[in-house]
Amino acid sequence: MLKYVLKRLLLLIPVVLGITFIIFVVLNLAQGDPAVMILGQDATAEALAAKRAELGLDKPLVLQYIQYILGVLHGDFGTSWLGGYEVLPEFLHRIPYTILLGSLSMFAACIIGIPLGIIAAIRQYHFIDYASLALALVLFSLPSFWFAMMGQILFCLVLNWLPSSGVGSLAHFVLPSITLGANILASQLRMTRTSMLDVVKQDYIRTARAKGADERRVVVHHVLRNGMLPVVTQIGISFASCMGGSVITETVFSIPGIGSLLINAVKGRDVPVVMGTLIFIAVFVGVINLIVDIIYALIDPRVKLTA
Amino acid sequence: MKKNLRKTLALFLAGTLSFVLLSACTGDTPSSSNAGSSQTPAGSSEAPGGARDSATLATSGEPTRFFPCGAEGSNGNDYLVLNNIYDTLVFLDPDGTLKPCLAETWSVSEDGLCYTFNLRGGVKFHDGSAMTAEDVVYTFDLSVQNSTGKALIINYDHAEAVDDSTVKIYLTDPYAAFLNGCASRAGGIISKAYYEQVGADGYQKAPIGTGPYQFVSAVSGDTITLKAFPDYWNGEAAIKNVYIKTMTDASTQIIALENGDIDAIRSPAISSCLNLNEASGATWASGDSAGRVTLHISSNKGQPGENTDFRKAVQYAINKADVILGATEGYATRIDIDMCPSYSGHPEGYKVVERDTEKAKEYLASSGYQNEEFQIIVETGTVSDTAAQIIQSQLMEIGINCTVNAVDTPTFNDMWYAGTYGGMIRNTSSSLLDADGFLNFFMATEANYAQTLNNQHARTKEIYDLGMEARKAQGDARKELYLQMVDICTDEAYEVPLFASTSTMAYRADLQGVKIYPLGVVYFYDWS
């Protein structure tokens, strides 16, 4: 198992290198001169040329990339071109907010979505099944920014229960987590229901019932256990997609996380910040996938993790 | 064995999640650029006796530059910090008049080449040291070492400290708006001793000035905290703690204001202000801005505007009243020259072109226009964007194949500098609030400004020469030169000035003393 984990972690290196190289090339192809963004419109051509040289923009692209990666290997993620701050400490400051937001969203989505999916599957074609599907449809269809705005108006302005933005306390994370989790909840609910229904129709479930197992045992030990594999995969994918979803949620709720950092950096062509953020996201998604695979093996003894 | 392994792994995963949750909850992680806690203010608070002692202002862009003499460009967001931490020799009032600040009095030599400032006594920096004439000389010498400072402190030659409280600043050539430059962010006085000790980076991390507010902390992406300086020369500020909060989403800003989570919003859109629910205790104010929104028509080779008659056709086809109504709900002042009415040196009696579609069609016919694409570039999501769409329909009415290309700021700048546009709508501001700002767009290549390398109209040099002459002239002579410059632009239809944009502020109605400054600056010292 340890060998397997190590191998998977090592495989992350070429993945990260590939992603970073593509992004590096794309950022360089994009219009917008970083020197102008930094020095402003009053800068002279000489000052701009000097700034480009200082940033290494006058060197060949591949050389720039190699220098950046060598820096990263030494723990130097560079300095923000626009803000002037060091990228690594900035991450360490922001990552907890994003992970907290993602974790709370996933927690809320799973704790509501999975049980609802199970109930909907057990009570197929019952009122609760239709109600759950309708809820999933609504949550899945609503744009998150609209959902966020309506939540702010209702809970912050009308009822005055929650703060509208910021990160001062856990209460600040309630609305953002619901907003980010709504979409995930819908997909968890649907995935659990579909997966459970697939398993319910299997012969071994009929056999279990024929043997005289009570319904609770059939559901918990036979249906749920076998139906959880796709759900676990979905959790992994959803957690990774939280990183993307957090861009909008963090912007709307003024949460100083990775998402809001990334969007501002992209707007300002702040290459070191964009690169650093994407390296983090790539590693994060890789690790989440690894954890999902480990959980697979825990749930299903047929799955063997071999290097 | 297997069960144990599973339990261990399950515990490990649960532990990791808990750790993450707890570490995020503490929120007391180190800030990137500056030390400080991520304590978030909960709206306004009141001191004993009912007086307000703190205020939270939301801004859509994060202030990042805290050192006034740096080479990096700064914008209105940075001014939120710079203008409250640093005092300047003279102060530019909302109505454009210059008032004493660190200089109690000043005089100008007859030839306009020497400015003498008599400094106020007893002024202290935030570290307790006294401000002297040496600090003033040092600040100016440092500011003009980079091109951004040079663009504000124009024609500076050198300065000398006559004694502890008198400074003489010498210019290479007279410059009528020199005092406006002294009132700009590049004139924010820094401490020589502190700078020599910590350097530019240290100053950026822990800035000190002589202003009414001291820097406390900056938590990136979140809040910048300032506190009133007790030894401020003009008396301690009424609002003791100021929180500048970065809130990028406009709707969230409004909800937070109506909810009472924040006390003010810097420069909200007019449409947001008009929809403000005043019953919630929120209100808004507007005033003249230093920005003017103008359509610049390229006369570069290969562009439709290469032909003068085509440019004239565009000039006559535009209905400015409709543009103003559509882009600003009517809350803007029409302009016919590329200057705001509030600029010093603003001329009078200039030529004005009114909409005349028949004339526009005649000019278009005589231009030999063959339905080529006339592409107007704008920065996406701005008032210029809306204005461009209205202009597009007006130009299509007379048969011009007009398209609008709304792009992000870096792309916009690239296209502008490369000259790859037919027309361009910009919201241009003058940091000096002076007619000289008009010249920026016509700086000749000898000045080597990147922004103008591709803005070479046939008469650019003529306009540039007049502008350089106007810099030296005073009074009516100066206005006469500006008049000639703007009339050339109108005759040649190089540009169609549309409107002077509006500065806005939305705030809680119980916040007293809110003033609207043309540059969108906020002086928390005014508030109570």
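A brief report on the enclosed structure follows. By convention here, each chain's residues receive numbers from 1 onward along its written sequence. Starting at A for chains and at 1 for ligands, labels are handed out in the order in which the entities are written. With the structure being a predicted model, the display of local features is reserved for residues of pLDDT at least 70 and the display and counting of side-chain atom pairs for 80 or more, all residues being used for whole-chain, interface and lining totals. In computing side-chain values, all of the structure's heavy atoms are included and hydrogens and water are not.

Details of the overall build of chain A
Helix and strand counts for chain A come out as 12 helices and zero strands. Counting from the N terminus, the helices are DSSP H or I runs at least four residues long and the strands are E runs at least two residues long. Shown N-terminal to C-terminal, the secondary structure of chain A runs as helices and strands in the order α-α-α-α-α-α-α-α-α-α-α-α. Its C-alpha atoms give chain A principal-axis dimensions of roughly 85 × 55 × 30 Å. The buried share of chain A, reckoned over its 307 residues, is 49%. Whether two residues are in contact is decided by their heavy atoms, any of which lying within 4.5 Å being enough. The contacts of chain A with a sequence gap of at least 6 include a subset with a gap of at least 24, amounting to 74%. Computed by Shrake-Rupley with a 1.4 Å probe, the accessible areas treat only the displayed protein chains as cover when residues are assessed. In the structure as shown, chain A presents an accessible area of about 14,400 Å², 70% of it carried by carbon and sulfur atoms. Summary of the burial criterion: residues with accessible area below 20% of their type's maximum are buried, those above 50% are exposed, and those between are partly exposed, where the area comes from a 1.4 Å probe applied to protein chains only.

Observations regarding the overall build of chain B
Per the secondary structure count, chain B includes 15 helices and 18 strands. Looking at the 528 residues of chain B, the share that counts as buried comes to 57%. Accessible surface, chain B as shown: approximately 20,000 Å² in total, 48% of it carbon and sulfur.

Notes on the pattern of salt bridges
Residues and elements named next belong to chain B. When a carboxyl oxygen of Asp or Glu lies within 4 Å of a side-chain nitrogen of Lys or Arg, that pair is called a salt bridge. According to the stated counting rule, one finds 26 salt bridges over all chains in the structure shown. Taking the shortest distance from any N to any O, the salt bridge between R120 and E104 comes out at 3.7 Å. Remark: E104 occurs in strand β5 (residues 103-108) and R120 occurs in the loop between β6 (114-119) and α3 (133-143); sequence separation between them is 16 residues. On the basis of relative accessibility, which here comes to 18%, the residue R120 falls in the buried class. Here E104 falls in the partly exposed class, since its relative accessible area comes to 43%. E492 is the partner of R311 in a salt bridge, and the nearest nitrogen-oxygen pair spans 3.5 Å. With a gap of 181 residues between them, R311 in helix α9 (residues 308-317) and E492 in helix α15 (residues 475-492) connect regions that are remote in the sequence. Taking the relative accessible area as the measure of exposure, E492 reaches 17% and is therefore buried.

So, the packing of helix α7 (residues 144-158) of chain A against helix α8 (residues 174-200) of chain A
All names here are of chain A. To obtain an axis, a line is fitted to C-alpha atoms, over the contacting stretch when the element is a helix, and the angle between two such axes runs from 0 to 180 degrees between their N-to-C directions. For the pair α7 and α8, interaxial distance at closest approach is 9 Å and the crossing angle is 150 degrees. The element α7 and its partner α8 pack so that their crossing is right-handed. Residues S144, F147, A148, G151, Q152, F155 and C156 of α7 form the contact with α8, whose participating residues are L175, I178, T179 and A182. Think of it as three bins: nonpolar holds Ala, Val, Leu, Ile, Met, Phe, Trp, Tyr, Cys and Pro, charged holds Asp, Glu, Lys and Arg, and polar takes everything else, Gly as well. Residue composition of the contact of α7 with α8, by class: seven nonpolar, four polar and no charged. For a crossing to be left-handed, the near helix must be turned anticlockwise from the far one by less than a right angle; the clockwise case is right-handed.

Notes on the sheet that holds strand β7 (residues 156-163) of chain B
Residues and elements named next belong to chain B. Only strands that DSSP links by at least two bridges are regarded as paired with each other. Strand order across the open sheet formed by four strands is β5-β6-β8-β7, with antiparallel pairing between neighbours. Every interior strand has two partners, whereas the edge strands, β5 and β7, have only one. Neighbour to neighbour, the strand axes of the sheet diverge by 20 degrees on average, direction disregarded. Bridging between β6 and strand β8 (residues 166-171) involves five bridges; their strand directions are antiparallel. Note on β8: the bridge partner recorded for C114 is Y170. The sheet contacts of α3 involve β6, β7 and β8, and relative to β7 the element is tilted by about 170 degrees.

Re a nonpolar patch on the surface
Residue and element names in this part refer to chain A. Residues F145, W146, M150, I153, L154, V158, L159, W161 and I248 make up a contiguous nonpolar surface patch of about 860 Å² in total accessible area. Considering every element that reaches the nonpolar patch, the biggest residue donor is α7, with six residues. With respect to the secondary-structure elements, M150 resides in helix α7. On the accessibility criterion, M150 (33% relative accessible area) is partly exposed. A patch consists of residues exposed above 30% relative accessible area that lack any salt bridge, with like charges linked at up to 9 Å and nonpolar side chains (Val, Leu, Ile, Met, Phe, Trp, Tyr) linked at up to 5 Å.

So, the side chain of K51 of chain A
Secondary-structure assignment places K51 of chain A in helix α3 (residues 45-55). Those residues in contact with K51 of chain A that lie beyond four places of it in its chain are A35, I38 and L39 of chain A together with E72 of chain B.

Here's the deal with the packing of aromatic side chains
Classification of ring pairs uses Phe, Tyr and Trp, with its six-membered ring standing for Trp, and accepts pairs whose centres are within 6.5 Å; under 30 degrees between planes counts as stacked, over 60 as edge-to-face, and the remaining range as tilted. Applying the stated rule across the entire model yields 30 aromatic pairs over all chains. Seen in terms of ring centroids, F24 of chain A and Y65 of chain A are 5.5 Å apart; in terms of plane orientation they differ by 65 degrees. Their pairing is edge-to-face. Of this pair, F24 of chain A sits in helix α1 (residues 2-29) while Y65 of chain A sits in helix α4 (residues 61-73); the two residues are 41 residues apart in sequence, bridging distant segments of the chain. Taking 5.2 Å as the distance between ring centres and 35 degrees as the angle between the ring planes, the aromatic pair formed by F67 of chain B and Y203 of chain B counts as tilted. Separated by 136 residues along the polypeptide, F67 of chain B in the loop between β2 (52-59) and α2 (76-85) and Y203 of chain B in helix α6 (residues 192-205) bring together distant segments of the chain. Overall, Y203 of chain B belongs to the buried group, its relative accessible area being 0%.

Observations concerning unusual backbone geometry
Residues and elements named next belong to chain A. If you check the backbone angles, Y125 has positive phi at about 65 degrees while not being a glycine. By the secondary structure assignment, Y125 is in the loop between α5 (87-122) and α6 (127-141). With phi around 50 degrees, S254 is a residue other than glycine that occupies positive phi space. Relative to the helices and strands, S254 is located in the loop between α10 (215-252) and α11 (258-267).

A closer look at the environment of S141 of chain A
By secondary structure assignment, the location of S141 of chain A is in helix α6. Here a polar contact is taken to be a pair of N or O atoms separated by no more than 3.5 Å, where protein atoms must pair a possible hydrogen donor with a possible acceptor and residues adjacent in sequence count only if both atoms sit in side chains. Here the side chain of S141 of chain A touches L137 of chain A through a polar contact of 2.5 Å, landing on its backbone oxygen.

As for the environment of S191 of chain B
All names here are of chain B. By the element assignment, S191 lies in the loop between α5 (178-182) and α6. Residue classification places S191 among the buried positions, given a relative accessible area of 3%. On a C-alpha basis, the gap between S191 and T116 in space is 20 Å, while along the polypeptide they are 75 residues apart. Leave out the neighbours within four places in its chain, and S191 touches F125, D135, Y203 and I208. Within the structure, the side chain of S191 is placed 3.2 Å from the backbone nitrogen of Y194, a separation counted as a polar contact.

Considering the packing of α10 of chain A against α11 of chain A
Residue and element names in this part refer to chain A. At a closest axis distance of 7 Å, the pairing of α10 and α11 adopts a crossing angle of 95 degrees. Taken as axis vectors, α10 and α11 run roughly perpendicular relative to one another. Mapping the contact onto sequence places S246, V247, E250 and T251 in α10 and I258, G259, S260 and I263 in α11. When the residues that make up the contact of α10 with α11 are grouped by side-chain class, the tally is three nonpolar, four polar and one charged. The cut-offs work like this: below 35 degrees is roughly parallel, past 145 is roughly antiparallel, 65 to 115 is roughly perpendicular, and the gaps in between are oblique.

What about the side chain of T166 of chain B?
With respect to the helices and strands, T166 of chain B occurs in strand β8. With residues near it in sequence (within four places) discarded, T166 of chain B still touches T116, F117, N118, A133, E160 and A161 of chain B.

As far as function goes, none of this settles anything; it's purely spatial.
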